[in-house]
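# Coordinate inspection notes
Below, each chain spelled out in residue letters.
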Amino acid sequence: SQTIHQWPATLVQPVGSPLSLECTVEGTSNPNLYWYRQAAGRGLQLLFYSVGIGQISSEVPQNLSASRPQDRQFILSSKKLLLSDSGFYLCAWRRPVEVGYTFGSGTRLTVV
Amino acid sequence: GDSVTQMEGPVTLSEEAFLTINCTYTATGYPSLFWYVQYPGEGLQLLLKATKADDKGSNKGFEATYRKETTSFHLEKGSVQVSDSAVYFCALSDIGNTPLVFGKGTRLSVIA
């Protein structure tokens, strides 16, 4: 069966520090991968998605970046965090022929 | 572009009350429609889906019918429980690899 792993579950980082959040999918190949952010009390904002290794589409220009170094690995990064980067970050995947997503359990990031 | 509009929350109900959360959509094609649920501190879980007009998705006592004529996919449950307290997201998926489009979410609180 397929599983998705996200880590860490929680993170507290100072302003200006770097960030690296990792997401991996097991049990499938060539998944479509997605990063969303959910600010407190708000909806889901699509940040990045990828349909293959090295292919990244950015939905919102900001100080975040994403990379897909391996088929089932999706990394969200920042060189310098801002207070406004605080939120709940969710990774999701789906097979290219399917329509629905499976979400990871999320990372709660607090920038202080 | 595609969009999803769902009723503003929060919605507060007493246990065993009837629930309706409205969702309407705009899409260029014939999308698949979804309801996701997010329990406190967790990622999103697929609750139900419908892939074509007049389909009814159902799960855990929740139902939603894909109404093409009214472009709607309202979520209903006949008798809510305290454990149904969560945020509910309506979403659509159009053709190809395009990401899911989510509504802003509706927070449901059920009190005993």
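Please refer to the structure placed before this passage.
Criteria and cut-off values
Residues numbered from 1 in each chain as written. Chains lettered and ligands numbered in written order. Predicted model: local features only at pLDDT ≥ 70, side-chain atom pairs only at ≥ 80, totals over all residues. Heavy atoms only, no water. Helix = DSSP H or I, 4+ residues; strand = E, 2+ residues; numbered from the N terminus. Rg over C-alpha atoms; globule rule 2.2 N^0.38 Å. Disulfide = S-S within 2.5 Å. Buried < 20%, exposed > 50% of the residue type's maximum accessible area, 1.4 Å probe, protein only. Pairing = 2+ DSSP bridges. Axes fitted to C-alpha atoms, helices over the stretch in contact; angles between N-to-C directions. Contact = heavy atoms within 4.5 Å. Buried area = accessible area lost by both parts, 1.4 Å probe. Salt bridge = Lys/Arg side-chain N within 4 Å of Asp/Glu carboxyl O. Polar contact = N/O pair within 3.5 Å; in protein donor to acceptor, adjacent residues only side chain to side chain.

### Topic: the overall build of chain A
The secondary structure content of chain A amounts to zero helices and 11 strands. Reading the secondary structure of chain A in the N-to-C direction produces β-β-β-β-β-β-β-β-β-β-β. At 13 Å, chain A has a C-alpha radius of gyration in line with the 13 Å of a compact globule built from 112 residues. Dimensions of chain A, computed from the C-alpha atoms along their principal axes, are close to 40 × 25 × 20 Å.

### What about the state of the cysteines?
Throughout this description, disulfide means a covalent bond between two cysteine sulfur atoms. Under the counting rule described, the total for this entry stands at two disulfides over all chains. Two residues, C23 of chain A and C91 of chain A, share a disulfide whose sulfurs are 2.0 Å apart. On the sign convention where negative is left-handed, the bridge of C23 of chain A and C91 of chain A, at about -75° about the S-S bond, is left-handed. Of this pair, C23 of chain A sits in strand β3 (residues 19-26) while C91 of chain A sits in strand β9 (residues 87-94), and the two are 68 residues apart along the sequence. Put simply, C23 of chain B and C90 of chain B are joined by a disulfide, and their sulfur atoms are 1.9 Å apart. Handedness of the C23 of chain B-C90 of chain B disulfide follows from its S-S torsion of about -70°: it is left-handed. In this pair, C23 of chain B is assigned in strand β4 (residues 23-26) and C90 of chain B in strand β10 (residues 86-93), connecting sequence segments 67 residues apart. Among the residues examined, C90 of chain B registers a relative accessible area of 1% and is labelled buried.

### Quick word on the sheet that holds strand β8 (residues 73-78) of chain A
Residue and element names in this part refer to chain A. In space, the four strands of this open sheet follow the order β1-β3-β8-β7, with antiparallel pairing throughout. Two strands close off the open sheet at either side, each with one partner strand: β1 (3-7) and β7 (64-70). Averaged over all pairs of adjacent strands, the angle between strand axes in this sheet comes to 15°, irrespective of strand direction. Two elements, β1 and β3, share five bridges in a ladder whose sense is antiparallel.

### Comments concerning the interface of chain B and chain A
In this complex, chain B contributes 17 residues to the contact, which on the side of chain A involves 20 residues. Between chain B and chain A, the buried area comes to about 1400 Å², and carbon and sulfur atoms account for 58% of it. Taken together, chain B and chain A are joined by zero salt bridges. At the junction of chain B and chain A, the tally comes to five residue pairs in polar contact (both at pLDDT 80 or more).

### A closer look at the side chain of T24 of chain A
Residue and element names in this part refer to chain A. As for its placement among the helices and strands, T24 is situated in strand β3. For T24, a relative accessible area of 15% translates into the label buried. Look past the residues within four positions of T24 in its chain and what remains in contact with it is T3, I4, H5, W7, R72 and Q73.

### Some points on the pairing of strand β6 (residues 44-50) of chain B
Where strand β5 (residues 32-38) of chain B meets β6 of chain B, six bridges bridge the pair, whose relative direction is antiparallel. Note on β6 of chain B: the bridge partner recorded for F34 of chain B is K49 of chain B.

### Regarding the sheet that holds strand β7 (residues 56-59) of chain B
Residue and element names in this part refer to chain B. Spatial strand order, β3-β9-β8-β7: four strands in an open sheet with antiparallel pairing. Lying at the two open borders of the sheet, with one neighbouring strand each, are β3 (19-21) and β7. Between one strand and the next, the sheet's axes are offset by a mean angle of 15°, whatever the strand orientation. Bridging between β7 and strand β8 (residues 62-65) involves four bridges; their strand directions are antiparallel. Each residue of the ladder has a partner; that of G57, found in β8, is A64.

### Describing the pattern of salt bridges
All names here are of chain A. Under the criterion given, the structure shown has five salt bridges over all chains. In this structure, R37 engages D85 in a salt bridge whose closest nitrogen and oxygen atoms are separated by 3.6 Å. Taken together, the residues span a long stretch of sequence, with R37 in strand β4 (residues 32-38) and D85 in the loop between β8 and β9 at a distance of 48 residues. The pair formed by R37 and D85 is uniform in burial state, with each residue classed as buried.

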